[in-house]
Amino acid sequence: MASPYPVNLQAPDITPYREGNTGVDYVTTFDSGNTGPHVMLTALVHGNELCGAITLDFLLRNDVRPTRGKLTLGFMNVAAYENFNPADPDSSRYVDEDFNRVWDPQVLDGDRKSAELKRARQVRPIIDKVDYLLDIHSMQHPTVPLLLCGPAEKGRKLARTISFPPHVVSDVGHAAGRRLRDYGEFADETSAKNALLIECGQHWEPSSEAVAKEMALRFLAHYDVIDRQFVSDHLPAEAPASQQLIQVSGPVTIETDSFKFTEAFRGMEVIERAGTVIGYDGDQAIRTPYDNCVLIMPSRRLRKGESAVRFGRVVE
Ligand SMILES: [Zn+2]
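Reading guide: rules and limits
Residues numbered from 1 in each chain as written. Predicted model: local features only at pLDDT ≥ 70, side-chain atom pairs only at ≥ 80, totals over all residues. Heavy atoms only, no water. Pairing = 2+ DSSP bridges. Helix = DSSP H or I, 4+ residues; strand = E, 2+ residues; numbered from the N terminus. Contact = heavy atoms within 4.5 Å. Axes fitted to C-alpha atoms, helices over the stretch in contact; angles between N-to-C directions. Buried < 20%, exposed > 50% of the residue type's maximum accessible area, 1.4 Å probe, protein only. Right-handed = clockwise from strand over helix to strand, strands pointing away.

### Here we look at the sheet that holds strand β2 (residues 38-43)
- On the basis of which strands lie adjacent, the open sheet formed by 11 strands has the order β1-β3-β2-β4-β7-β5-β6-β8-β14-β13-β10 and mixed pairing. The open sheet has two free edges, formed respectively by β1 (27-31) and β10 (270-271), since each of these has just one partner strand.
- Direction of pairing for strand β13 (residues 293-296) relative to strand β14 (residues 307-314): antiparallel, over a ladder of three bridges. What sits directly across from Ile 296, in β14, is Arg 310.
- Along the sheet, helix α4 (residues 115-127) makes contact with β1, β2 and β3 (70-75), crossing β1 at roughly 10 degrees.

### Let's talk about the pairing of β2
- β2 sits mainly inside the fold: six of its six residues count as buried.
- Going residue by residue along β2, you find His 38, Met 40 and Thr 42 tucked away on one face and Val 39, Leu 41 and Ala 43 tucked away on the opposite face as well.
- Two elements, β2 and β3, share six bridges in a ladder whose sense is parallel. Residue pairing for β3: Val 39 is matched across the bridge by Leu 71.
- Of the crossover connections in this fold, the one passing from β2 over helix α1 (residues 50-61) to the parallel β3 is right-handed.
- Pairing geometry for β2 and strand β4 (residues 132-139), over four bridges, is parallel. Paired with Leu 41 across the two strands is Leu 134, which belongs to β4.

### Focus on the environment of Phe 311
- Along the chain, the position of Phe 311 falls in strand β14.
- A C-alpha to C-alpha distance of 9.6 Å links Phe 311 and Pro 298, two positions 13 residues apart in sequence.

Structure (structure tokens):
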């Protein structure tokens, strides 16, 4: 099914960044020479999500450099992005499989081959050296931006400290495979490493670009790794609003070849009564598990094994 939403963002030319300086195409590391954390921003984990690429292009064109520690900027699924076509913008999400479902060490170390696994295996040694990761994404439907902080308290704490955007989702990811955000020590509560995934808005709406830039600057400012003047010159003046934390209780993983929603949900709908039917997986009614259930990112890709939607409740 074609996307009902227009492409109102320009896909940037990222070929100037191909060579980089890490030995891995499209990944560049700047070393301040001073002690400090290694912070990384990733874009194009999904090849049709433009706001992250626009944000990295913005930082690179402005010659943003770390003032302490290291800053790595990485365009991830470039092979998919190279297929981006505004006339068919959905088709470049990935080449062979979802790059954001391959981050289990057993999968990365295993025999499976795909364009995405090849790329993940290339960038993995760099990811392994990173202390703090911000992975920039966008969504199928136009809803409020969501910060996905993972299931651990350290992720929730980081989201609260950065205090942007107003909606935070604490979740364990998908049955189909592990996300980059949940890779390695990012998911280990005993490690100081940490990662956030920002869903900036609908893939091709201009507001997603503004959210991606703001989130990137707030993340870099939180770790105090770039010039403070550059941050204040490019951040909106107003302080962030208060935050709402939504705890996801689990994904609805599709088990048949015929999943249908009862309505054209976009996400963030609050379903008042527990037991309300929101869809059918074959003959099986899918019911909300509790009162005031929030629907998180209902998908238009309703394929067996993928997540149709996630259920969440507001906890703070
Ligand atoms: Zn994405």
